[in-house]
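A closer look at the structure
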Amino acid sequence: FPALIAAFVASYVSHFLGLEKFSINLDVAVTMDSQTIFKMIILGMVFGVVGGLFAYILGYSKQFIGNKIPDLSKRIFFVGILISFLLLIFHMGRYSGLGTNLIAASFSGESIYGYDWLIKFLLTILTLAAGFQGGEVTPIFSIGASLGVWLAPLFGLPVEFVAALGYASVFSSATNTLIAPALI
């Protein structure tokens, strides 16, 4: 009964707030043999390093930019102009927003470039370090999913499977959480 109430409340709140529910049905067959498990361990380490680097570089960048431009209004203004310029240069805004476009592309077979994850990684850090608030979790999901798409052929595993591993693993590492990514 409590789970039913929680589901109803979550559904009502997300509908009331206009939030979208994002779900993917992974319909891939993966044989869990020793070779696949070894590949997954290596992938986990790669995703862990990327998530850890995200957290570390974000913390360092916030401090660095904060010291260089202490006034928050000026920092947001000047770095915002730089970010706007960079977003126009890099595929006319492909990396703007939360990155849901990259997540959808990762799981639907659309074009994901090998550098998508890196540009989203750097622009997200720059945006958050400048002082813009909000939008950290979903960009981390998009970084992980697009990195997974890039790594899947290198490991000979299904793209959707590795994208899902990246989606949850980079989030887990960047946020230093365990239970939420396991449920994802």
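Whatever comes next refers back to the structure up there.
Residues numbered from 1 in each chain as written. Predicted model: local features only at pLDDT ≥ 70, side-chain atom pairs only at ≥ 80, totals over all residues. Heavy atoms only, no water.

Another aspect to go through is the packing of helix α3 (residues 72-89) against helix α5 (residues 116-130). Where α3 contacts α5, the two axes come as close as 9 Å, and the packing angle between them is 160 degrees. The orientation of α3 with respect to α5, classified from their angle, is roughly antiparallel. Note on packing geometry: the crossing formed by α3 with α5 is left-handed. Counting all contacts with α3, which are made through Leu 72, Arg 75, Ile 76, Val 79, Leu 82, Ile 83, Leu 86 and Leu 87, the residues of α5 involved are Leu 123, Leu 126, Thr 127, Ala 129 and Ala 130. Classifying every residue of the contact of α3 with α5 gives 11 nonpolar, one polar and one charged. (Axes fitted to C-alpha atoms, helices over the stretch in contact; angles between N-to-C directions. Helix = DSSP H or I, 4+ residues; strand = E, 2+ residues; numbered from the N terminus. Parallel < 35°, antiparallel > 145°, perpendicular 65-115°, else oblique. Left-handed = near helix turned anticlockwise from the far one by under 90°. Contact = heavy atoms within 4.5 Å. Nonpolar A, V, L, I, M, F, W, Y, C, P; charged D, E, K, R; others polar.)

With that settled, the discussion passes to the packing of aromatic side chains. Considering all chains together, one arrives at eight aromatic pairs under this definition. Between Phe 77 and Phe 78 the ring centres are 5.1 Å apart and the planes differ by 75 degrees, which places this aromatic pair in the edge-to-face class. Judged by relative accessible area, Phe 78 falls into the partly exposed class, the value being 48%. Among the aromatic residues, those joined into a cluster by ring pairs are Phe 107, Phe 141, Tyr 167 and Phe 171. (Phe/Tyr/Trp six-rings, centres within 6.5 Å; stacked < 30°, edge-to-face > 60°. Buried < 20%, exposed > 50% of the residue type's maximum accessible area, 1.4 Å probe, protein only.)

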